[in-house]
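# Examining the three-dimensional arrangement
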Amino acid sequence: MADILKADAHLARDVPGERPIVDVAVGVLLQADGRFLLTSRPAGKVYAGYWEFPGGKLEAGESVEQALARELHEELGLDIDPADVQRWREQLVDYPHALVRLHFCKLFDWRGELQMREGQAFVWDTLPVQAAPVLPGRCRCSNGCRRSAAWLQADFKKYSLLRPSHKDFSINSI
Ligand SMILES: Nc1nc2c([nH]c(=O)n2[C@@H]2O[C@H](COP(=O)(O)OP(=O)(O)OP(=O)(O)O)[C@@H](O)[C@H]2O)c(=O)[nH]1
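About the cut-offs
Residues numbered from 1 in each chain as written. Predicted model: local features only at pLDDT ≥ 70, side-chain atom pairs only at ≥ 80, totals over all residues. UniProt positions renumbered as here; feature names shortened; annotations may be inferred. Pairing = 2+ DSSP bridges. Helix = DSSP H or I, 4+ residues; strand = E, 2+ residues; numbered from the N terminus. Axes fitted to C-alpha atoms, helices over the stretch in contact; angles between N-to-C directions. Near = placed C-beta within 6 Å. Nonpolar A, V, L, I, M, F, W, Y, C, P; charged D, E, K, R; others polar. Expected span 1.5 Å × (residues − 1). Buried ≥ 20, exposed ≤ 12 C-beta atoms within 10 Å, placed from the backbone. Contact = placed C-beta atoms within 7 Å.

As annotated in an unreviewed UniProt entry, the chain carries the name 8-oxo-dGTP diphosphatase and comes from Ottowia beijingensis. UniProt annotates the chain under Cofactor (unreviewed entry) with the comment "Mg(2+)".

Here it is in structure tokens:
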């Protein structure tokens, strides 16, 4: 059975058990010092004000890489080459509003200056994550609600293996 993270388990689901899976491209933009970009969800969206990795839903016919390139451009004014997108992890999350499949991707290269085109806030965060609250929020699963941060922690420990050009990166700084 697929590993599904259930967020806000105490809240009713719109259509229990019959919901389509919504694919979402999620970008983990990593700087050489290990800091990663978090943005706040704009007013008017579900979970407004929550911190998340930038990204958004795939449109019809789009690959994860194409969707991420589009979303980063639309939301943040950043340009990337889809070929630079490194697929990382996938996670199904059962929210009250939707069942989403998050395609977490790492990015080490981008162009442009950050522009908050949807009125979001941003932070280059470190581990342990300082921004709060983060998505998925108020999760009641036994794994806790900061799974992607745990993945980051695990990966940072072997960071030099993942990113040969950043061998001088110090995990003591995170
Ligand atoms: N971008 C992003 N979405 C996430 C993360 N974690 C997470 O559960 N999600 C969920 O993935 C979905 C993304 O939807 P969205 O509303 O941000 O996407 P979008 O910009 O394409 O939406 P819209 O065009 O309908 O406004 C939401 O249900 C959101 O709660 C994350 O780290 N980043």
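Further notes follow.
### A word on the sheet that holds strand β3 (residues 36-40)
An order of β4-β3-β8 is seen for the three strands of this open sheet, with the pairing classed as antiparallel. Lying at the two open borders of the sheet, with one neighbouring strand each, are β4 (51-52) and β8 (122-125). The pairing of β3 with β4 spans two bridges and is antiparallel. Residue pairing for β4: S40 is matched across the bridge by W51.

### Description of the sheet that holds strand β7 (residues 99-107)
Reading across from one edge, β1-β6-β7-β2-β5 is the order of the five strands in this open sheet, with mixed pairing throughout. Both edges of this open sheet fall to β1 (4-6) and β5 (55-57), since each of them pairs with a single strand only. Taking each pair of neighbouring strands and ignoring which way they run, the sheet shows an average axis angle of 25°. Summarising the sheet, strand β2 (residues 21-29) and β5 pair through three bridges and their orientation is antiparallel. Note that in β5 the partner of V26 across the bridge is G55.

### Quick notes on the site of the ligand
As a matter of local geometry, the ligand sits amid 17 residues, with E52, F53, G55, G56 and K57 nearest to it. If you list the elements that add at least two residues to the shell around the ligand, you get β2, β5 and β7. Ranked by residues supplied to the shell around the ligand, first place goes to β5 with three residues. Along the lines of polarity and charge, the residues of the shell around the ligand split into 12 nonpolar, two polar and three charged.

### A closer look at helix α1 (residues 64-76)
Given a rise of 1.5 Å per residue, 13 residues ought to cover 18 Å, and the 17 Å separating the end C-alpha atoms of α1 matches this to within 8%. Among all positions of α1, only V64, A67, L68, A69, E71, L72 and L76 are buried. Considering only its buried residues, α1 is in contact with β2, β5, β6 (86-94) and β7. Looking one or two residues beyond α1, the residue adopting positive phi is G77, at roughly 70°.

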